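Residues per chain are reported as follows:
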Amino acid sequence: MNKGALALLVHGGAENWSPQRWKERFDEVCADRRVLLLPGASFDPAEVQYAAVWKPHPGELAGFPNLRVIFNLGAGVDALMVDRSLPDVPLVRVAVTDLTARMTEYVVLHVLMHHRQELYLRECQRAKRWAPKSQWAAGAISVGVMGLGTLGADAADALKRLGFRVAGWSRSEKNIAGVDCFHGDEQLDPFLRQTDILVCLLPLTQQTRHILDRALFAKLNRDSPLGAPVLINAGRGGLQNEADILQCLDDGTLGGASLDVYATEPLPPESRFWTHPKVVLTPHNAADTDPDEISKYVARQIERFETGGGLENIVDRGRGY
Ligand code: NDP
Ligand code: OXD
């Protein structure tokens, strides 16, 4: 015993963010240390050495004098980056095969949905209308992936294996076999000009906020079998200008959109996204965080850290991701 305690702070709402469920998982994988479910647990703040968190409120992590590492229980750390009182200790994010595979499923599903004209086909089914349109091959479509990190690189690879032409855009230069790699602000326009389906898997930072706007959509390729370009955003809602998306869907600048994330979550009932015929909407569950997998990931990292090994997937606070 006497190992530093782990403070668990989970604000989420969805089923996989049940604080009690996370507490049970951590009690099992960190059986030799106290796991304190906050708020509510009674404890001495000095005993806390680790914090495992999802969307903690600003200030909630400030009162632990012996904190050594913060583990974010998801991939995106944007909720933490706005906390000016965040302790200056390593911040570790999630990058695991389980989450990556789930996101790749989402991306492949939604690229195929637009490529295979699923919205049109379901509409025909509801109207009992036998009206097939010709179907083009995957090689006729260019998919552009914004963000070639853990998630984007894997999705790009899966799309490539399905036969799509695949390009990607990142901050730093990349070299991925079979993927046309663009980087930096100067190469954004050429990347967009050849993209028919745009997949956004960027983190939300000061540089990327509202990057998905009318000016960007207007640069996408309009000369493909799809007729008009399509947006798929599973990054964060803050990446998108929602009024622009709706206007662009209405005036044909965009032919369709699959959205998993929104400026306000849960998406308010009055949002036009709910009923827009060109929108395929999911409730921020493109890639669910699995408490079983992620609690084990955190426990493994703590064990390695305490035996002198390095932490993996540390967030670069200067970059914001
Ligand atoms: P990574 O940090 O591994 O990758 C981020 C990528 O974005 C990198 O390629 C990075 O470039 C690129 N990037 C960041 N800033 C810029 C910029 N200013 N210009 C160009 N490229 C930029 O993140 P992950 O792939 O693990 O996750 C991406 C995001 O997905 C998360 O931050 C989260 O918001 C979202 N997410 C959503 C989920 C959902 O269910 N909807 C689930 C999980 C994550 P470089 O490689 O050069 O650093
Ligand atoms: C994440 C998420 O960042 O669930 O992991 O969005």
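The notes below deal with the structure included here. Just so you know, these numbers come straight off a predicted model, no measurement behind them.

1. Topic: the overall build of the chain
Point 1. Helix and strand counts for the chain come out as nine helices and twelve strands.
Point 2. Taking 321 residues into account, the globule formula puts the C-alpha radius of gyration at 20 Å, and the chain, at 21 Å, falls close to it.
Point 3. Taking the principal axes of the C-alpha coordinates as reference, the chain spans close to 70 × 40 × 30 Å.
Point 4. With 321 residues in all, the chain has 50% of them scored as buried.

2. Thoughts on the site of ligand 1
Point 1. Around ligand 1, a shell composed of 30 residues is seen, among which Arg93, Ser172, Lys174, Asp260 and Tyr321 lie nearest.
Point 2. Interatomic distance of 2.6 Å between a side-chain N/O atom of Lys174 and an oxygen atom of ligand 1.
Point 3. When ligand 1 sits alone it has 940 Å² of accessible area, and the protein chains cover 93% of it.
Point 4. Breaking the shell around ligand 1 down by element, the ones donating at least two residues are helix 3 (97-115), helix 5 (150-161) and strand 7 (165-170).

3. What about the packing of helix 1 (residues 19-29) against helix 9 (residues 291-306)?
Point 1. In the contact formed by helix 1 and helix 9, the axes pass within 9 Å of each other and the chain directions differ by 45°. Regarding the angle of helix 1 to helix 9, the classification is oblique. Relative to helix 9, the crossing made by helix 1 is right-handed. Contact with helix 1, carried on its side by Arg21, Trp22, Arg25, Phe26 and Val29, involves Pro291, Asp292, Ile294, Ser295, Lys296, Val298 and Ala299 of helix 9 and no other residues of that element.
Point 2. Taken together, the residues of the contact of helix 1 with helix 9 break down into seven nonpolar, one polar and four charged.

4. With respect to the site of ligand 2
Point 1. Around ligand 2, the surrounding shell consists of Trp54, Gly74, Ala75, Gly76, Arg236, His284 and Thr289.
Point 2. The side chain of Arg236 places a nitrogen or oxygen atom 2.8 Å from an oxygen atom of ligand 2.
Point 3. Side-chain polar atom of His284 to an oxygen atom of ligand 2: 2.7 Å apart, as the coordinates give it.

5. Quick look at the sheet that holds strand 5 (residues 91-92)
Point 1. Strand order across the open sheet formed by five strands is 2-1-3-4-5, with parallel pairing between neighbours. Either end of the sheet is taken by a strand with one partner, and the two such strands are strand 2 (33-38) and strand 5.
Point 2. Docked against the sheet, helix 1 engages strand 1 (3-10), strand 2 and strand 3 (48-54), running at close to 160° with respect to strand 1.

So, how was this worked out
- Residues numbered from 1 in each chain as written.
- Chains lettered and ligands numbered in written order.
- Predicted model: local features only at pLDDT ≥ 70, side-chain atom pairs only at ≥ 80, totals over all residues.
- Heavy atoms only, no water.
- Helix = DSSP H or I, 4+ residues; strand = E, 2+ residues; numbered from the N terminus.
- Rg over C-alpha atoms; globule rule 2.2 N^0.38 Å.
- Buried < 20%, exposed > 50% of the residue type's maximum accessible area, 1.4 Å probe, protein only.
- Near = heavy atom within 4 Å.
- Polar contact = N/O pair within 3.5 Å; in protein donor to acceptor, adjacent residues only side chain to side chain.
- Areas by Shrake-Rupley, 256 points an atom, 1.4 Å probe, with all protein chains shown as cover.
- Axes fitted to C-alpha atoms, helices over the stretch in contact; angles between N-to-C directions.
- Parallel < 35°, antiparallel > 145°, perpendicular 65-115°, else oblique.
- Left-handed = near helix turned anticlockwise from the far one by under 90°.
- Contact = heavy atoms within 4.5 Å.
- Nonpolar A, V, L, I, M, F, W, Y, C, P; charged D, E, K, R; others polar.
- Pairing = 2+ DSSP bridges.

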